[in-house]
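Structural overview
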Amino acid sequence: MKATEKNFISLIRQQREEGILYVMKTYGGLLQSIVRKRLSAFPDRMEECMNDIFWGIWQNIDSFDESRGSFVNWAAGVARLEAIDALRKLQREYVGISLDEVEISQEDEALTRVVERELSSETEELLNFLSPRDRELFQRIFMDQEEPEEAGAAMGISRNNVYVRLSRGKKKLRGAIKGRKGVRL
């Protein structure tokens, strides 16, 4: 039996495929615009939502009452509710994701090596303004991340002298690079 405007509802109630195909063809654009309005940020979820809408119409056609309104308004209501449900599901998915589960893409290794080389050569250039003993102290503390007391003990320098050398060295470095553009200390 061919579905028409007059018989498609009864075909759906009889669980005949022609009825739902008629709804898809005739009202699919309208229902899709309702979904698009709510799920525009998630285009990959729109098709799934549309399938849920047609399934909802198929399963709940008995709740449609012609005396209360038109099929179009009822189907639009089903579409709105399904789109809202899809948004709720998405919200639960995104709220439940921990940062440990998020996969961060690996950086380009070649770019990383180039940047590390640049930083290394700039650091060496800056440290050349210091005396060899202060240069070693800065490398231990700022590059090797040793505690100042550890670095001082390893070099035979008292704790107070370590902090004095660091302070003077920083002041010397600031003066040395003050003229460089884009460097802010």
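Described below are features of the structure shown in this document. Keep in mind that this is a model prediction, so the values were computed, not measured.

Counting residues in each nonpolar core, the largest one holds 31 residues, and the members touching the most others are Phe 8, Ile 12, Val 23, Leu 31, Ile 53, Ile 57 and Phe 71. For this core, the secondary-structure elements that each account for two or more residues are α1 (8-13), α2 (17-39), α3 (46-60) and α4 (71-95). When residues of this core are assigned to their parent elements, the largest contribution, nine residues, is made by α4. Leave out the neighbours within four places in its chain, and Leu 31 touches Met 50, Ile 53, Phe 54, Ile 57, Ala 75, Ala 76 and Ala 79. Counting 11 residues, the second-largest nonpolar core is a separate cluster that includes Leu 127, Leu 130, Phe 138 and Leu 166.

In this section: the environment of Ile 61. Relative to the helices and strands, Ile 61 is located in the loop between α3 and α4. Assessed through its relative accessible area of 2%, Ile 61 is described here as buried. The spacing of Ile 61 and Phe 71 is 10 residues in sequence and 9.7 Å in space, taken between C-alpha atoms.

Turning next to the pattern of salt bridges. Inspection of every chain in the model, using the stated rule, returns nine salt bridges. Arg 88 is the partner of Asp 85 in a salt bridge, and the nearest nitrogen-oxygen pair spans 3.6 Å. Linking Asp 85 with Arg 88, this pair stays in helix α4, spanning three residues, or about one helical turn. Classification of Asp 85 by relative accessible area gives partly exposed; the value is 33%. The class of Arg 88 is partly exposed, set by a relative accessible area of 47%. One continuous salt-bridge network, built from bridges that share partners, spans Arg 13, Asp 62 and Glu 66.

How each quantity is defined
The residue numbering used here restarts from 1 in each chain and proceeds along that chain's sequence as written. The predicted nature of this model means local features are confined to residues of pLDDT at least 70 and side-chain atom pairs, given and counted, to a pLDDT of 80 or more, with totals for whole chains, interfaces and linings taken over all residues. The basis for every side-chain value is the complete set of heavy atoms in the structure, and neither hydrogens nor water enter the calculation. Residues grouped as a nonpolar core are buried Ala, Val, Leu, Ile, Met, Phe, Trp, Tyr and Cys residues, joined through side-chain atoms within 4.5 Å. Residue exposure (1.4 Å probe, protein chains only): buried if accessible area is under 20% of the type maximum, exposed if over 50%, otherwise partly exposed. For helices the rule is a DSSP run of H or I covering at least 4 residues; for strands it is a run of E covering at least 2, with both sets numbered from the N terminus onward. Contacts are residue-level and defined by heavy atoms, with any inter-residue pair within 4.5 Å sufficient. In what follows, salt bridge is the name for a side-chain nitrogen of Lys or Arg lying within 4 Å of a carboxyl oxygen of Asp or Glu.

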